[in-house]
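Below, each chain spelled out in residue letters.
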Amino acid sequence: MFNYIIVGAGLAGAVMAERIANILDEKVLVIERRNHIGGNCYDEIDKTGIIIHKYGPHIFHTNYRDVFKYLSKFTEWREYQHYVLGFIDGKLAPLPFNLNTLHKLLPESLAKPLEKKLLKKYNYGERIPILKLLEEDDRDLKFLANYIYEKVFLNYTIKQWALKPDEIDGKVTERVPILLSRDNRYFQDHYQAVPQEGYTKMIQKILDHENIKIMLNTSHQEILKIKNNKILFMDREYKGKLIFTGKIDELFNYRYGRLPYRSLNFKFETLDQKWYQPAATINYPNDYDFTRITEFKHIHPTSTKKTTILKEYPQEHIEGKNEPCYPIPTKENQKTYKKYEKLAGKHENLILLGRLAEYHYYNMDEIVKKALTTFKKEIK
Ligand code: FAD
Ligand code: UDP
């Protein structure tokens, strides 16, 4: 019936389905556990008319021209630069920590010589991971590194991951480097935009093809099984390609134990005021139990007199209770993942793709890129 089955209608599953339907002209079945498509990129218009991101703020940014071009077939864009402020010692200062942040938070008598030292050692525009800056021998730069570590990274990371920055893969904190410039934007990528009518509409268009059949409210377990090293579809051996974008440990019934995830409790509030805060997102590294507040009107401006904000409270992921938002990149978890990956390798017709199946902290552009190359290499 179907030579291709995809589990998950997130960005990974949608792009793969589109390629199979359009390029191969083959029928493809997409199974989605939730009652909507889009995965974590899902957005909707709330009761005040504002586009909100149900699973946390999603800002598209990329240097991949091919990815931007591909997605542009399915959406118009609203050019959008994301600004984040950090609430630190009662002040609001730009993040990532840059030269403006330095002058905003420290007295000039300290900030000026520190800027000079930084620019003597590094190039203007350089991006320095905090864990690298901490290795500085110079006394003053070491002082600065410790200051940034304590004020920006330590408590935020403990809140977000229940781990210290050096207990997780350095790539996590590297996402928000120290920026040796006066560029206050959160990202410096070439393309920065949000889909004019939101991500859900864009993903709907990606999936809009007569060859694509979508089954919502359906977990893979209801129709797919792995038994005696065989993939079964409706209890019969399945010889077509299975593209799995769900949790890999779940696919193999947690044979090597559970791969842990961080989850978030998303608390939306609609307020009877035009604006709430001066930037789209404010991070609270050292105060409150939430990590950040996002005000969606900054991302998709609307003329409504109200505003909607979102507070993100990190928590442990518990199956069935909350969503698996972030794979936790520690050495131990990577070891467990590798065991599952090896197991998956025994099935020639199984392809793992996406944040959950690859247990990898992908951004949206990276997952589109990965889906496009996986299609070319492993399917076409
Ligand atoms: P998902 O979006 O997780 O999709 C997987 C889908 O599979 C889900 O719909 C799920 O319900 C379904 N599924 C899972 N298991 C099963 C099963 N057993 N049976 C049936 N269906 C199943 N990226 C950016 O580029 N910019 C950002 O600003 C950004 N912000 C983010 C903020 C947060 C809080 C989070 C959590 C992520 C953010 N991302 C951001 C990352 C982005 O969400 C991911 O890159 C993207 O969603 C990955 O797509 P995916 O298809 O791999 O996974
Ligand atoms: N981070 C931090 N303080 C901040 C912002 C980020 O410590 O103010 C660290 C934290 O560990 C976080 C990581 O950098 O998980 C990546 O931040 P990013 O904003 O990219 O997280 P995401 O938007 O993916 O949740």
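Presented here is an overview of the structure given in this document. (Residues numbered from 1 in each chain as written. Chains lettered and ligands numbered in written order. Predicted model: local features only at pLDDT ≥ 70, side-chain atom pairs only at ≥ 80, totals over all residues. Heavy atoms only, no water.)

**Structural notes on the environment of Glu 197**
Argument step 1. For Glu 197, the position within the fold is in the loop between strand 11 (191-195) and helix 8 (199-207).
Argument step 2. For Glu 197, a relative accessible area of 54% gives the class exposed.
Argument step 3. Separated by 152 residues in sequence, Glu 197 and Ile 45 place their C-alpha atoms 9.6 Å apart. (Helix = DSSP H or I, 4+ residues; strand = E, 2+ residues; numbered from the N terminus. Buried < 20%, exposed > 50% of the residue type's maximum accessible area, 1.4 Å probe, protein only.)

**Comments concerning the pairing of strand 17 (residues 261-271)**
Argument step 1. Strand direction decides the pairing type here: strand 17 and strand 21 (residues 326-327), joined by two bridges, are antiparallel. Across the sheet, Tyr 261 pairs through a bridge with Pro 327, a residue of strand 21.
Argument step 2. In terms of strand pairing, strand 17 meets strand 20 (residues 307-316) through 10 bridges, oriented antiparallel. Pairing of Ser 263 across the sheet is with Gln 315, part of strand 20. (Pairing = 2+ DSSP bridges.)

**As for the site of ligand 1**
Argument step 1. In the neighbourhood of ligand 1, 31 residues make up the surrounding shell, with Glu 32, His 58, Ile 59, His 220 and Met 364 lying closest.
Argument step 2. With respect to ligand 1, the side chain of His 220 contributes an N or O atom lying 2.8 Å from a nitrogen atom.
Argument step 3. Coverage of ligand 1 by the protein chains reaches 96% of its 990 Å² of free accessible surface.
Argument step 4. Here the residues of the shell around ligand 1 sort into 14 nonpolar, 12 polar and five charged. (Near = heavy atom within 4 Å. Polar contact = N/O pair within 3.5 Å; in protein donor to acceptor, adjacent residues only side chain to side chain. Areas by Shrake-Rupley, 256 points an atom, 1.4 Å probe, with all protein chains shown as cover. Nonpolar A, V, L, I, M, F, W, Y, C, P; charged D, E, K, R; others polar.)

**A few points about the packing of aromatic side chains**
Argument step 1. Under the counting rule described, the total for this entry stands at 22 aromatic pairs.
Argument step 2. A centroid spacing of 5.0 Å and a plane angle of 20 degrees characterise the contact between Phe 68 and Trp 77, whose relative ring orientation is stacked. By the burial criterion, Phe 68 is buried, and Trp 77 matches it.
Argument step 3. Judged by centre distance (5.1 Å) and plane angle (75 degrees), the rings of Tyr 186 and Phe 187 are edge-to-face. The burial state of Tyr 186 is the same as that of Phe 187; both residues are buried.
Argument step 4. A connected cluster of aromatic rings, assembled from ring pairs, spans Phe 87, Tyr 284, Tyr 288, Phe 290 and Tyr 313.
Argument step 5. Just above the ring of Tyr 55 sits the side chain of Arg 34; from NZ or CZ to the centre is 4.2 Å.
Argument step 6. Positioned above the aromatic ring of Trp 275, the side-chain terminus of Lys 297 is 4.9 Å from the ring centre. (Phe/Tyr/Trp six-rings, centres within 6.5 Å; stacked < 30°, edge-to-face > 60°. Lys NZ or Arg CZ within 6 Å of the ring centre and 35° of its normal.)

**Quick look at the sheet that holds strand 11**
Argument step 1. The strand order across the open sheet built from three strands is 5-11-6, with neighbouring strands paired in antiparallel fashion. What marks the edges here is a single partner per strand, and that holds for strand 5 (60-62) and strand 6 (77-79). Each neighbouring strand pair of the sheet contributes to a mean axis angle of 40 degrees, computed without reference to strand direction.
Argument step 2. Summarising the sheet, strand 6 and strand 11 pair through three bridges and their orientation is antiparallel. Within strand 11, the position partnered with Glu 79 by the bridge is Ala 193. (Axes fitted to C-alpha atoms, helices over the stretch in contact; angles between N-to-C directions.)

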